[in-house]
Every structure is written in structure tokens, then in C-alpha cells.
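Listed below, chain by chain, are the residues.
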Amino acid sequence: MSKNQMSIKAIRLTFLAVLCSVAISFGQSNVSSTAIFTKSIVDDATPAVLKRILLADKEPLSKISFEKGIYHFYPDKGLEKFCYISNHDDVMVRTAFPIFNFKNLTIDGQGSTFVFHGRMIPFLIDHSTNISIKNVTVDWAMAFHSEGLVVARDEKKKTFDLQISDDYPYEIRNGQIVFVKEYYEHTLGQTILYDPIRKAIAFDTESYTNISNGKKNAVQNNIKSIYYKYKIDHRSKSQKVLGVQNTLKVEQLKPGLVRFYGHRKKMPPLGMVLTSKGDQSINRLAPAFRVTHTSGFNANNVTVHHAGGMGLIAENSADLILDGFHVKPSKGRMVSTSADATHFVGCRGKVELKNCTFNNQLDDATNVHGTYQEVVDVLDEYTLGVRMGHSQQQGFQIGDTEDTIGLVRLSDSFFSYRKLTIKSVQKINGRYHIITFNEKLPSKVKAGDLIENLDAYPDLLVENCVISNNRARGLLISNPKSTIIRNNYFHTEMEAILIPVESGHWFESGNAANLTISNNTFQDCQHSGFDRGVIRFVTDDDNENIAFKNVEISNNTFHQFDNLILEIANTDGLVIKGNKITNSGTFPMLFSNNPAIKIKSSKNVVFKKNKYKGKANTIIETASDMEKIKFK
């Protein structure tokens, strides 16, 4: 070796020694560092990633980066945690990314795909600040749902045959089909048809699905004598099965081909794909992203191909920006996520969905709302005992210290009759919390009233998104702050946009105001068979109280196969202008006697410069107690 070569080698060794010294000093100080993972861990990345994240208290992290590749994550060595998850099952889950109490952290997949196995929540983010996730695709090796092709049907014998590929292993137990996954299984449960040609929910699927598998049980003894001191939830896992027996029978004709007996709706059409995800009370257990009590969350260039629940569920968080967040299926599947693409509960600050794709999920593209909780006890002049209304709302804390709470009695008004601020919240159990306020309670408060957090709503923007081919709605918005929905494309099997007050089932609070819906395209929505408007304002309390205020629907294009476009109720202040409505002719009309627009219990509704080229004989139908409104 020459002297020059020896000198170069010495310089390199010195440089490496300095790098090692720097790395060691980073590990021993409060200076944040970057963790870089290579493809050496692709077979099961869980142990290595989890180990480094759990060291962050001693060796702070500012960035986690991955060499581009396909990384598998298994639950066997994941961190275990019990989670109450809003609008999901309350479950013990495992994760490789427990992002707890982090600040200013970026996770960059650099184009990688993360493939998860079994009951995992890929990203569990809690009590953190300024978290960014980018350039990553999330998928599951085995889907939480199952699919089969309808290959035969017999209307007289009431049977149909399903061809099931090897991607969806199953067994038949006591005449019932059970789909078996890694670390998980599900029964038939909730079902819906997909059209494999359109790769979208089948036209008029409501005539065929759900596949009926239960009827009233004829044999019961003394069940009604059971006494419950407190209110029970008839939708809970233990209550919903009472008085019901399974009547559907399944037999295997040959491996991969099964026959169903006892379905009471129409037999599903040949060539359609039947998708199944199990019973509703147990089929939401593994969202891709769960964000709680976090301020500042950004997802950029993120794709979620699948999840056993929602693509993203965010609770009690602030300033969430999704730019290029795409939910769409992979591997030839009809279904992406088995529930909503995104969902925001009790969030504040800004929520922005920009340049996103929400395709083929089995529920809404997004749902933004607060939470109603029911007053059970007036414990003293400052303190209430409150109950979570829905079984999948358990554990949700309605607010923090100094948040403003509204007391609501919906029979009188959809708006609060008194405002109070929280002093403390005591969690007794998942269903029952005790809330103490800074101010005295009004004398009129009583059991059965509701409370909502008036501070826990965001300024919402949904812009340049494609929402299509999914079950249920596009956007379900209950937001009294401000909402802008513009430049989006909708092709949904139910409402494209639903604006509700929902107090009797999911207990989702929020009476929308300051809402602008502009420059969107609506293509053949409501094609599953429901008699509802493409855009619908509705309350589940049958009264005429105003719930929605200051709304503009402008410069949108509706290409609709059926008549009903707008369904308006309980609204004060609505401007509908510059919209174009045509009949697409894509599907046969289901409700040809409908008008284009229905309006009830509303006032100050104005039409300007709209163009109608549809087929409805009546354009506007108003309730009998309202003045006639002219379409312009």
C-alpha cells in the first residue's frame, strides 16, 4: 500500500470515528436525530421500529426514514394497548408505531409500502404535537373483508351460489360460513354488492342486500323479566342478539363454491361481487391511522389500500391537514377500507382534505362532527353525570378544562339553552363520566338533556378530492363553525353530502352553519336504491326547529339518473345559485314521481340563475305550511 493510500485510509478511519462520536453524543443528549431503516428488516419490521421508538425518551427522534421497499409488520412483537376508539370497537390492539408524547416528528416512507398482518393499528398517535407522515402506502396482507362472485341463482328455490377465490379462506360451521384470516375471522354479517365492471357499488343493491340471515326467535322464556336499573343500549353486542335466530344456511358444493339458502330479499344478480365484513358490532377494530389529543398532524402523499375500520380516525385533536391522502383498493379487491375513509370527532382548529382520493371504502369518505352525551344525573349544583349514547362511543372524553359545553334540549331547540365551562372530567368507566363545571347549573337542567362541546368543531375545507365507488355517503358534515366544499367529484351510492343532526343512534352532534358547497360535480349519486336527495339536510328529531343556517350551494353540476337532487329541512338562510342539473340516463329511474327539490320546515330560501334540464314534472315541492318557492 502506498503512502497516499495509507493517508486516505487514515482520513477515512478518522472521519468514521468522528461520525460514531457524533452519533453517540446524539444518543446521550437532548439533540434529536434521524433513524434510518433499511430493507434488512423487511421480513418483520415491527421489532426494530418499535425498539427505536421506545428509546426516544433517552435518544430523541426528529425523523424516521425508510429505504424504499416493501416492509411487513406482524403483531407478535408489537406493543399492546387497549384502546377506546370512537366509531370503532373497543379493543386490545398492537402497533409498531406508538407515537405517544412526541413533538416535531416526521415519518418518511420514501415511497415504501408497509404491509400489516392481523389486528394491528399501524400508526397510533396520542398526545403529540406536529406529527408528519409522508410518502408511504399502507396495506394488509389479508383483507378484513371477504369477496365472492355470484355465479348462479334460483329465484324459485331461493338459493344463490358464490365462487370464492383462495384469497378468502373460509370454513363452514353449523351451516354458517366463517371467513378465516391471519389472527382474525368474521361471519357473513354486513354485505353489499359491487359491480366488477364499474368497480363500484352495484346499481340498486338495496333490493338484494344485506343478505338476510336472521328472523325473530320463536322460543324465549322469561327474558322480559330481566330488570335493568339503568338505560341499556339495544345495539350493544349482548343485547342485539336477543330474540333473533339465524335462518341462512350455507353448504359447499365443491372447494371454493358455496350455496346460500334462506335469503329473503331478491337473489343477487349474476356476475356481481358480494362483499362481506362480518357483524357491525365487531368489524371495526384496526384503523390505519388513529390520532388522539394531538395538535398538528400532516399526512402528505399517503395511500391507504385497506384497513379493518377507517383509513384515519381523529379524536379531540387540532389542525389536521391531509394533502394527497388516498384511500383506494389494491390486489384486485373491490373494497379499500371496511369503514370510513376518514373521520373526525371533536376536532378543532383546521381540518383540511385537499387533493385526496376516497374510493371503494365501505362507508363515508369523511364524517366531521362532535358528540352528544346524555345527562343521567344532576349530582349537585355544579356537577352532572353523563352517559355515552352509542356502544362505539364509549371512552370518549367530551372535553378538557375550560372547554365550553352547551346544554341542549332538542324538543325545544337544536341550539344550546345554556353554556358552561368545564372544571374537571372524572372517568368512572367507559360509559359514564362525571363532569364538574365552573358555573352553577341552570335550574331547568334534567336527566335526558344532552351536552355538546361547542369548542370542539373545526374550520373545514374539502377541496379537489375524488369521492367515488363507495358504500354510503361522500361527506357527512355536522359542523357549526365554517365549512367549504369545493371543486370535488362525487359518485356515491347514497347521499353525496349529508348534513344531519343525529341524536338518537350515533349521537353525533353539530348543527351546520356557514357552509359553502361550490363548483363540485355530482355524477349519478344515490344509485343504491334509497329514495333520498343527492344533497340532504335532515334531523332525526321530528320537529320544525331550525338546525342549519347560512348555507350556499352554488355553481355545481348535477348529472343525475333520477329526479331528486336537493332535500332541504330545518334550514334558515339558503342560497342556491348558478347550478346546472341534467338527467344522465346512466341508470333507469327508480323514483320517477319525485320532484327535483324538496323543502320543508325552512325559511329564507333563494334560487338564482340555476339551469334545469332534468325529467321531473315538478322542480320544487314545498311542505303544505310553507310559501311556494320559485325555481330560478
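See the structure shown above.
None of the values given here were measured: they were computed from a predicted structure.

(A) Geometry of the overall build of the chain. Summing up its helical and strand segments, the chain has two helices and 54 strands in all. Against the globule reference of 26 Å for 632 residues, the chain gives a C-alpha radius of gyration of 27 Å, in line with a compact fold. When its C-alpha atoms are laid out on the principal axes, the chain stretches across 100 × 70 × 60 Å. The 632 residues of the chain split such that 55% are buried. Long-range contacts, defined here as pairs at least 24 residues apart, represent 73% of the contacts in the chain between residues at least 6 apart. Accessible surface, the chain: about 26700 Å² in total, of which carbon and sulfur atoms supply 50%. Computing the positive centroid from 76 side-chain charges and the negative centroid from 65, the chain places the two 3 Å apart.

(B) Main features of unusual backbone geometry. Of note, the bond from threonine 209 into asparagine 210 is cis; its omega dihedral lies within 30 degrees of zero at 5°. Here asparagine 210 is to be found in the loop between strand S16 (200-201) and strand S17 (214-216). One non-glycine residue with positive phi stands out, namely asparagine 87, at about 60°. Phi angles above zero are rare outside glycine, and asparagine 604 is one such case at about 55°.

(C) Looking closely at the sheet that holds strand S30 (residues 373-380). Read around the barrel, six strands follow the order S30-S31-S34-S33-S32-S35 and close on themselves; strand pairing throughout is antiparallel. Across the sheet, the axes of successive neighbouring strands diverge by a mean angle of 45°, strand direction being ignored. In terms of strand pairing, strand S33 (residues 418-427) meets strand S34 (residues 432-437) through five bridges, oriented antiparallel. Across the sheet, the residue bridging to isoleucine 422 is phenylalanine 437, located in S34.

(D) Region of interest: the packing of aromatic side chains. Applying the stated criterion across every chain, the model contains 27 aromatic pairs. Taking the centre distance of 5.9 Å and the plane angle of 85° together, the rings of tyrosine 71 and phenylalanine 114 count as edge-to-face. Of this pair, tyrosine 71 sits in strand S3 (residues 70-73) while phenylalanine 114 sits in strand S7 (residues 103-116), and the two are 43 residues apart along the sequence. The exposure classification of tyrosine 71 matches that of phenylalanine 114, with both residues buried. Both rings, one in tyrosine 612 and one in phenylalanine 631, keep their centres 6.3 Å apart while their planes meet at 75°; by these two values the pair is edge-to-face.

(E) The arrangement of the pattern of salt bridges in detail. Under the definition given, this model contains 24 salt bridges. One salt bridge connects arginine 94 with glutamate 80, and the closest N-O pair in it is separated by 3.2 Å. Of this pair, arginine 94 sits in strand S5 (residues 91-95) while glutamate 80 is found in strand S4 (residues 79-83), placing the two residues 14 residues apart along the sequence. A relative accessible area of 28% means that arginine 94 is categorised as partly exposed. The class of glutamate 80 is partly exposed, set by a relative accessible area of 46%. One salt bridge in this structure joins arginine 473 and aspartate 364, with 2.7 Å as the shortest N-O distance. Taken together, the residues arginine 473 in the loop between strand S37 (466-468) and strand S38 (475-477) and aspartate 364 in the loop between strand S28 (357-359) and strand S29 (366-371) connect sequence positions 109 residues apart. Here the salt bridges share partners, and the residues they tie into one network are Arg284, Asp363, Asp364, Arg471 and Arg473.

(F) Structural detail: the nonpolar core. If you look at the biggest cluster of nonpolar residues, it comprises 114 residues, and the most contacted ones within it are Phe97, Phe289, Phe297 and Phe325. The element that contributes the greatest number of residues to this core is strand S9 (residues 129-140), accounting for five residues. If we skip the residues at most four places from it in the chain, phenylalanine 297 touches Ile125, Ile131, Ile133, Phe289, Val291, Leu312, Ala318, Asp319, Leu320, Ile321 and Leu322. The next biggest cluster of nonpolar side chains, apart from the first, holds 21 residues, and it includes Ile177, Val250, Val258 and Met272.

(G) The arrangement of the environment of threonine 436 in detail. Considering the arrangement of structural elements, one finds threonine 436 in strand S34. Take threonine 436: its relative accessible area is 18%, and that puts it in the buried class. For threonine 436 and aspartate 380, which are 56 residues apart along the polypeptide, the C-alpha to C-alpha distance reads 9.1 Å. Other than its neighbours up to four places away in sequence, threonine 436 contacts Tyr382, Thr383, Ile422, Lys423 and Ser424.

(H) Here's a closer look at the side chain of serine 391. Relative to the helices and strands, serine 391 is located in the loop between strand S31 (383-388) and strand S32 (404-408). Judged by relative accessible area, which is 16%, serine 391 ranks as buried. If near-sequence neighbours (up to four positions away) are discounted, serine 391 is found in contact with Asp90, Asp233, Arg235, Ser236 and Arg431.

(I) Fine view of helix H2 (residues 46-54). Taken together, the buried positions of H2 are occupied by Thr46, Val49, Leu50, Arg52 and Ile53. For H2, the arc enclosing every buried residue in end-on projection is 165°, short of the 170-degree limit, so these residues lie on one face. Residues of H2 that are exposed and point more than 90 degrees away from the buried face comprise Lys51 and Leu54. Close packing links the buried residues of H2 with strand S1 (33-37), strand S2 (61-66), S3, S4, S5 and strand S6 (97-100).

(J) Inspection of a nonpolar patch on the surface at higher detail. A contiguous nonpolar surface patch, about 430 Å² in accessible area, is contributed by Ile223, Ile226, Tyr228, Val241 and Leu242. Within the secondary structure, isoleucine 226 is located in the loop between S17 and strand S18 (244-246). Judged by its relative accessible area of 47%, isoleucine 226 is partly exposed.

(K) The side chain of histidine 369, seen in detail. Mapped onto the elements, histidine 369 comes out in strand S29. Here glutamate 508 takes part through its side chain, which lies 3.5 Å from a polar atom of the side chain of histidine 369. Once residues lying within four places of it in the same chain are set aside, the contact partners of histidine 369 are Asn87, His343, Phe344, Val345, Gly346, Tyr457, Ser478, Glu508 and Ser509.

(L) Representation of the pairing of strand S36 (residues 458-463). Burial within S36 is extensive, with five of its six residues counted as buried. The pairing of S36 with strand S39 (residues 482-486) spans five bridges and is parallel. Directly across from aspartate 459, in S39, lies its bridge partner serine 482.

(M) Up close: the pairing of strand S27 (residues 348-354). Two elements, strand S25 (residues 318-327) and S27, share five bridges in a ladder whose sense is parallel. Each bridged residue has a counterpart across the sheet, and for isoleucine 321 the counterpart in S27 is glutamate 352. Relative to S36, S27 runs parallel, the two sharing six bridges. If you follow valine 351 over to S36, its bridge partner there is leucine 460.

(N) Quick look at the sheet that holds strand S15 (residues 191-195). Across the sheet, seven strands lie side by side as S16-S15-S21-S10-S11-S20-S19; this open sheet has antiparallel pairing. Sheet topology places S16 and strand S19 (249-254) at the edges, where each strand pairs with a single neighbour. As paired elements, strand S10 (residues 146-154) and strand S21 (residues 273-276) share four bridges and run antiparallel to each other. Paired with glycine 148 across the two strands is leucine 274, which belongs to S21.

Thresholds applied
- Residues numbered from 1 in each chain as written.
- Predicted model: local features only at pLDDT ≥ 70, side-chain atom pairs only at ≥ 80, totals over all residues.
- Heavy atoms only, no water.
- Helix = DSSP H or I, 4+ residues; strand = E, 2+ residues; numbered from the N terminus.
- Rg over C-alpha atoms; globule rule 2.2 N^0.38 Å.
- Buried < 20%, exposed > 50% of the residue type's maximum accessible area, 1.4 Å probe, protein only.
- Contact = heavy atoms within 4.5 Å.
- Areas by Shrake-Rupley, 256 points an atom, 1.4 Å probe, with all protein chains shown as cover.
- Lys, Arg positive; Asp, Glu negative; His and termini not counted.
- Charge placed at Lys NZ, Arg CZ, Asp CG, Glu CD.
- Pairing = 2+ DSSP bridges.
- Axes fitted to C-alpha atoms, helices over the stretch in contact; angles between N-to-C directions.
- Phe/Tyr/Trp six-rings, centres within 6.5 Å; stacked < 30°, edge-to-face > 60°.
- Salt bridge = Lys/Arg side-chain N within 4 Å of Asp/Glu carboxyl O.
- Core = buried A, V, L, I, M, F, W, Y, C linked by side-chain atoms within 4.5 Å.
- Arc of directions from axis to C-beta.
- Patch = residues over 30% accessible without salt bridge, like charges linked within 9 Å, V, L, I, M, F, W, Y side chains within 5 Å.
- Polar contact = N/O pair within 3.5 Å; in protein donor to acceptor, adjacent residues only side chain to side chain.

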